[in-house]
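One-letter residues, chain by chain:
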Amino acid sequence: MILSHRITHITPSGSDGWEVFYRARTMKKAGQPVIELTIGEHDIRTHQSILDAMHASAKGGHTGYAAVPGTQALRQAVATRIQIRTGVTTTADNIMITPGGQAALFAAHTAVCDEGDTALYIDPYYATYPGTIRGIGANPKAIPAYPDHGFQPLASDISKHAKDAVSLMINTPNNPTGAVYSRATLQGIADTCIEHDLWLISDEVYESQLWDGTHISPRALPNMAKRTLVIGSMSKSHAMTGSRIGWICAPIDIIEHLINLATHTTYGVAGYIQDAAEFALNQGAKLEDEVSAPFARRRIITETLLAKQNIVKGSPIQGAMYAMLDISATGLTGEGFANQLLDTHSIATMPGESFGAAAAGHIRVAMTIDDDTYTYALQTLLDFAATIAA
Ligand code: PMP
């Protein structure tokens, strides 16, 4: 029996740069103390008040099928949030609730790409991006964003491939680089999308984790609302990764098609999770600030420790929960460095190469452990780099 090309080709075979991560997990399982600076999972759990709202909703009977597009109240809460933040008129009909941002990314590409179409994305990229595009039968094409430009993509680089493509996916604040796209970068992207008639899929799941600059949603730029699909999520903003709750904000006709897709795939999101999400959004900034505060502190720890040495170079951490560190002065690849650091100091990081060719010679550090352990781990990493470079 032969499985479909589509499913067997979601992830390429062979090395994908995630070996360090899996090795760290194996070491941990075997009882070795490993410090993990690898994935984007908070070190705090979902706030008790959100859990209470979830519990009350479930106890109150919201355990049956929920409305496929999302509850009206949650769609409205998301629409209100987006309109307040961006100034773009947004109604509940512009919103579909999804089981997390990842499902939203998949649905968005399903909506705009046909099989065999070329879908662009920016390298370095969040690990699932090319697989998401392959999963819907389209062809992923990476556009590099270079460290010398602060990992901001250049419109001229996107233009080179735009005429053969139907969509472009961007992510700001960015995982893995920590870059927040400037107005100039986003205007260049918008101009390119308009010139080449591209759909823009804008992954904004880190919008609440902003340390420097302003988060600009490209949907708010002139003439962009009709060609932009915004991806949002409660995973990062409210430490609700396991609840699987996110959304797509798009033109109403696209949402209508996406609801049809959801009817034939997810059949919606659990009602008690949606009620908890609605409660959380209605609390305003307080809960979100509590969730993002540890990363703001660790960003300062990172920049302070980096400033005391000159072997490892950090990219500006403008947003999100990661630091992208240039370790090329050690003469090692990101993969080589991450492997050696794990072997010698039991500290696990992600090689830049696992996020694409443009992040070669880098490692990504997730600032997702308590401040003291984080400080110790980062200092050990920097000392290790100095020893190798000497
Ligand atoms: N986009 C980016 C850039 C991410 O980093 C993540 C999760 N790490 C997601 C989307 C998906 O998040 P979720 O499905 O939990 O909402």
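Residues numbered from 1 in each chain as written. Predicted model: local features only at pLDDT ≥ 70, side-chain atom pairs only at ≥ 80, totals over all residues. Heavy atoms only, no water.

**A closer look at the overall build of the protein chain**
Condition: Put simply, DSSP H or I for four residues or longer makes a helix, DSSP E for two residues or longer makes a strand, and each gets a number counted from the N terminus. We take the radius of gyration over the C-alpha atoms and set the globule estimate at 2.2 Å times the residue count to the 0.38 power. Only protein chains enter the accessibility calculation, which uses a 1.4 Å probe; a residue whose area is less than 20% of its type maximum is buried, one above 50% is exposed, and one in between is partly exposed. For the area figures, the Shrake-Rupley method with a 1.4 Å probe applies, and any residue is considered shielded solely by the protein chains shown. Only four residue types enter the charge count, namely Lys and Arg as positive and Asp and Glu as negative; His and the chain termini do not. We put the charge of a Lys on NZ, of an Arg on CZ, of an Asp on CG and of a Glu on CD.
When you go through the protein chain residue by residue, the secondary structure sums to 14 helices and 13 strands. Computed over the C-alpha atoms, the radius of gyration of the protein chain is 21 Å, within 12% of the 21 Å expected from 2.2 N^0.38 for a compact globule of 390 residues. By its C-alpha atoms, the protein chain is 60 × 50 × 50 Å across when sized along the principal axes. Within the span of the protein chain, comprising 390 residues, buried residues form 54% of the whole. Accessible area of the protein chain: about 16,300 Å², with a carbon and sulfur share of 55%. Averaging the locations of the 27 positively and 37 negatively charged side chains of the protein chain gives two centres separated by 2 Å.

**Details of unusual backbone geometry**
With an omega of -10°, the peptide bond between T172 and P173 qualifies as cis. In this fold, P173 is placed in the loop between β5 (165-171) and α8 (183-195). Here N175 and P176 are connected by a cis peptide whose omega angle stands at 20°. Structurally, P176 is set in the loop between β5 and α8. Non-glycine residue A320 carries a positive phi angle of around 70°. Assignment of secondary structure puts A320 in the loop between β9 (313-314) and β10 (322-326). A relative accessible area of 0% places A320 in the buried class. Positive phi is not limited to glycine here, since S346 has a value of about 55°. When you line up the elements, S346 lands in the loop between α13 (334-345) and β11 (347-348).

**Observations concerning the site of the ligand**
Stated precisely, the cut-off is as follows: Residue proximity to a molecule or strand is established when one non-hydrogen atom of the residue lies within 4 Å of it. N or O atoms within 3.5 Å of each other form a polar contact, as long as, within protein, one can give a hydrogen and the other can take it, and as long as residues adjacent in sequence are counted only when both atoms are side-chain atoms. The distinction between a cavity and a pocket rests on a 1 Å grid over the protein atoms alone: a 1.4 Å probe fits inside a cavity but cannot get out, while a pocket stays open yet meets protein on both sides within 12 Å along at least five of seven lines, and a residue with an atom within 4 Å of a point counts as lining. Grid points define the cavity or pocket, and a molecule sits in it when more than half of its atoms lie within 2 Å of them.
Near the ligand lie 15 residues; those nearest to it are G101, D203, S233, S235 and R244. Taking Q102, its main chain carries an N or O atom lying 2.9 Å from an oxygen atom of the ligand. Residue N175 places a side-chain N or O atom 2.8 Å away from an oxygen atom belonging to the ligand. Protein coverage of the free-state accessible area of the ligand, which is 400 Å², stands at 93%. The cavity that encloses the ligand is the largest pocket. Contributing elements (two or more residues each) for the shell around the ligand: α5 (100-112) and α9 (234-237).

**Things to note about the layout of surface pockets**
We apply this condition: Grid points are joined across faces, edges and corners, and a volume is the space filled by probe spheres set on the points. Think of it as three bins: nonpolar holds Ala, Val, Leu, Ile, Met, Phe, Trp, Tyr, Cys and Pro, charged holds Asp, Glu, Lys and Arg, and polar takes everything else, Gly as well. For every domain, the bounds stem from an assignment made automatically or drawn from a database.
Each pocket or cavity is described by its volume, and for the largest pocket that value is around 830 Å³. W18, Q102, Y126, A127 and T128 are the residues nearest the centre of the largest pocket, which is lined by 39 residues in total. Every element with two or more residues in the lining of the largest pocket is listed here: α5, α6 (129-135), β7 (228-233) and α9. Counting residues per element, the lining of the largest pocket draws most heavily on α6, at 5 residues. Grouping the amino acids of the lining of the largest pocket by side-chain chemistry returns 16 nonpolar, 15 polar and 8 charged. When we break the lining of the largest pocket down by domain, the ones giving at least three residues each are domain 1 (5-45 + 286-385) and domain 2 (64-283).

**Considering the sheet that holds β9**
In any sheet, the strands associate via hydrogen bonds between backbone groups, in a parallel or an antiparallel arrangement. For clarity, the cut-off: Note on pairing: DSSP must find at least two bridges between two strands before they are called paired. Note on contacts: a residue pair is in contact if any heavy atoms of the two residues lie within 4.5 Å. In this description, a line fitted to the C-alpha atoms serves as the axis of each element, helices being fitted only across the stretch in contact, and the angle between N-to-C directions of two axes falls anywhere from 0 to 180 degrees.
Taken in spatial order, the 4 strands line up as β9-β10-β13-β12 in an open sheet, and their pairing is antiparallel. Of all strands in the sheet, those bounded by a partner on one side alone are β9 and β12 (350-351). Against the sheet, α13 touches β12 and β13 (362-366), its axis set at about 50° to β13.

**A short note on the packing of aromatic side chains**
Note the cut-off: Note on aromatic pairs: the rings of Phe, Tyr and Trp (six-membered ring only in Trp) are paired at centre separations within 6.5 Å, and the planes decide the class, stacked below 30 degrees, edge-to-face beyond 60, tilted for the rest.
Across all of its chains, the model carries 7 aromatic pairs by this definition. Aromatic pair Y121 and Y125: ring centres 5.1 Å apart, planes at 85°, arrangement edge-to-face. For Y121, a relative accessible area of 7% gives the class buried. Exposure remark for Y125: the relative accessible area of 14% places this residue in the buried category. These aromatic residues form a ring-pair network of at least three members: W18, F21 and Y22.

**Some thoughts on the packing of helix α4 (residues 72-86) against helix α11 (residues 271-282)**
Put simply, the rule reads: Roughly parallel means an angle under 35 degrees; roughly antiparallel, over 145; roughly perpendicular, 65 to 115; everything else is oblique. For a crossing to be left-handed, the near helix must be turned anticlockwise from the far one by less than a right angle; the clockwise case is right-handed.
Close contact between α4 and α11 brings their axes to 9 Å; oriented N to C, the two are set at 30°. Compared by their axis directions, α4 and α11 come out roughly parallel. Here the hand of the crossing between α4 and α11 comes out left-handed. Contact residues: α4 offers A73, L74, A77, V78 and R81, while α11 offers Q274, A277, E278, L281 and N282.

**Some remarks on α13**
What counts is decided by this rule: Multiply 1.5 Å by the residue count of a helix minus one, and that product is the helix's expected span. The directions considered for the arc run from the helix axis to the C-beta atoms.
For α13, with 12 residues, the first-to-last C-alpha span of 16 Å sits near the 16 Å given by 1.5 Å per residue. Turning to α13, its buried residues are G334, F337, A338, L341 and L342. All buried residues of α13 project into a common sector of 130° when viewed along the axis, lining one side. Looking at the buried residues of α13, the elements they touch are α2 (19-29), β11, β12, β13 and α14 (371-389).

**Structural notes on the pairing of β10**
Counting buried positions along β10 gives 5 out of 5 residues, so the element sits mostly inside the fold. Here β9 runs beside β10; their pairing, made up of 2 bridges, is antiparallel. When the sheet's bridge partners are listed, K313 is paired in β10 with D326. Judged from the 5 bridges that link them, β10 and β13 form a sheet pairing that is antiparallel. The partner of A323 across the bridge, within β13, is V365.

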